Amino acid sequence: MQAIRSILVVIDPEHSESLALKRAKLIAGVTQAHLHLLVCDKRHDHAGMLGVLKAALVADGYSVTTEQAWNESLYETIIDVQQAEGCGLVIKQHFPDSPLKKALLTPADWKLLRHCPTPVLLVKTTGSWKDRVILAAVDVGNADGEHRHLHSTIIDHGYDIARLAKAHLHVISAHPSPMLSSADPTFQLKETIEARYREQCRAFQAEFDIDDQHLHIMEGPADVLIPFMAHKLQAAVTVIGTVARSGLSGVLIGNTAEAVLDTLESDVLVLKPQEVEDHLVELAVKE
């Protein structure tokens, strides 16, 4: 996160207090990143509001530009501007959809998470990050190259946020429940599953300098356990990753990130492996 030189901040003109801007100021205050404020609206009539925001930020010492744009949809507009401006992080306030609307239409923020080539911080809370817990969610049981790179990215960003907010990094990793039908006897007994998982976790802990007090190993589905632990620890930010589920031609977000987005009570930072980011950049350039 220290390497991010430009941040795209999505401003919702219908909400007077921009939680996205609040988080962007915190990050840019430490990293000295440039802030590009974007209003996604067909009417382009928010120049006055953007001018006021920019003047206040410049007076506080921030580097700021502003833009009003629209292209087909909210997520496409955001990605177009992110690519044009070369922003390394997108920050947007999350507004949950109703269950009925979600059942009929794919939520806009899901589309943004699926297609945006860069990390996306979805802001849900008003509270300070200072002296709070930053929770990084990893899948230690998956040790292939793509997941190892993703684990490294998640932990690095978790440590970065913890440093800039003077917060504390905790890590959660869920492992599967016993399955009597499993072909591998290891996965038929709780004791053997946990023993194998803890062995994998010891290597993970040594690599990323995570002690036992800050690692939470739990049995069960990740989409249930991540919000549970975030609530228990009163986490300020949950850092979660996603990989391509159906090959790079599909680039579908891991549904854990989508499933926990509305149930998490914290802000959410979603990251992707480098090869997925690269592929999404190619797609964005072609469109």
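Before reading on, note that the structure itself is shown above.
Predicted model only: the values in this text are computed from it and were never measured.

Conventions we followed
Residues numbered from 1 in each chain as written. Predicted model: local features only at pLDDT ≥ 70, side-chain atom pairs only at ≥ 80, totals over all residues. Heavy atoms only, no water. Salt bridge = Lys/Arg side-chain N within 4 Å of Asp/Glu carboxyl O. Buried < 20%, exposed > 50% of the residue type's maximum accessible area, 1.4 Å probe, protein only. Phe/Tyr/Trp six-rings, centres within 6.5 Å; stacked < 30°, edge-to-face > 60°. Helix = DSSP H or I, 4+ residues; strand = E, 2+ residues; numbered from the N terminus. Pairing = 2+ DSSP bridges.

Participant: Would you explain the pattern of salt bridges in this entry?
Facilitator: Oppositely charged side chains are able to pair whenever their charged atoms sit close together. Overall, the coordinates contain five salt bridges when judged by the stated rule. Arg-43 is paired through a salt bridge with Asp-41; the nearest N and O atoms lie 3.2 Å apart. Residue Asp-41 is classed as buried on the basis of its relative accessible area of 11%. A salt bridge links Asp-131 to Lys-130; the shortest N-O distance between them is 3.5 Å. Residue Lys-130 is classed as partly exposed on the basis of its relative accessible area, which comes to 48%.

Participant: Help me understand the packing of aromatic side chains in this model?
Facilitator: Centre-to-centre distance and the angle between the planes together describe a pair of aromatic rings. Under the counting rule described, the total for this entry stands at one aromatic pair. Ring centres 5.0 Å apart and planes at 50° place the aromatic pair Phe-204 and Phe-208 in the tilted group. One end of the pair is Phe-204 and the other is Phe-208, both in helix H7 (residues 190-208) and four residues apart, which spans about a single turn. On the accessibility criterion, Phe-208 (10% relative accessible area) is buried.

Participant: Looking at this structure, I do not really get the pairing of strand E4 (residues 89-93). What am I missing?
Facilitator: In regular strands, side chains alternate between the two faces of the sheet. With five of five residues buried, E4 is to be regarded as a mostly interior element. What you see with E4 is no split at all: Leu-89, Ile-91 and Gln-93 on one side and Val-90 and Lys-92 on the other are buried throughout. Sheet topology note: the strand E1 (residues 6-10)/E4 ladder contains three bridges and is parallel. When the bridges of E4 are listed, Leu-8 appears paired with Val-90. In the sheet, E4 pairs with strand E5 (residues 120-123) via four bridges, with the strands oriented parallel. Across the sheet, residue Ile-91 finds its bridge partner in E5, namely Leu-121.

By themselves these figures say nothing about function.
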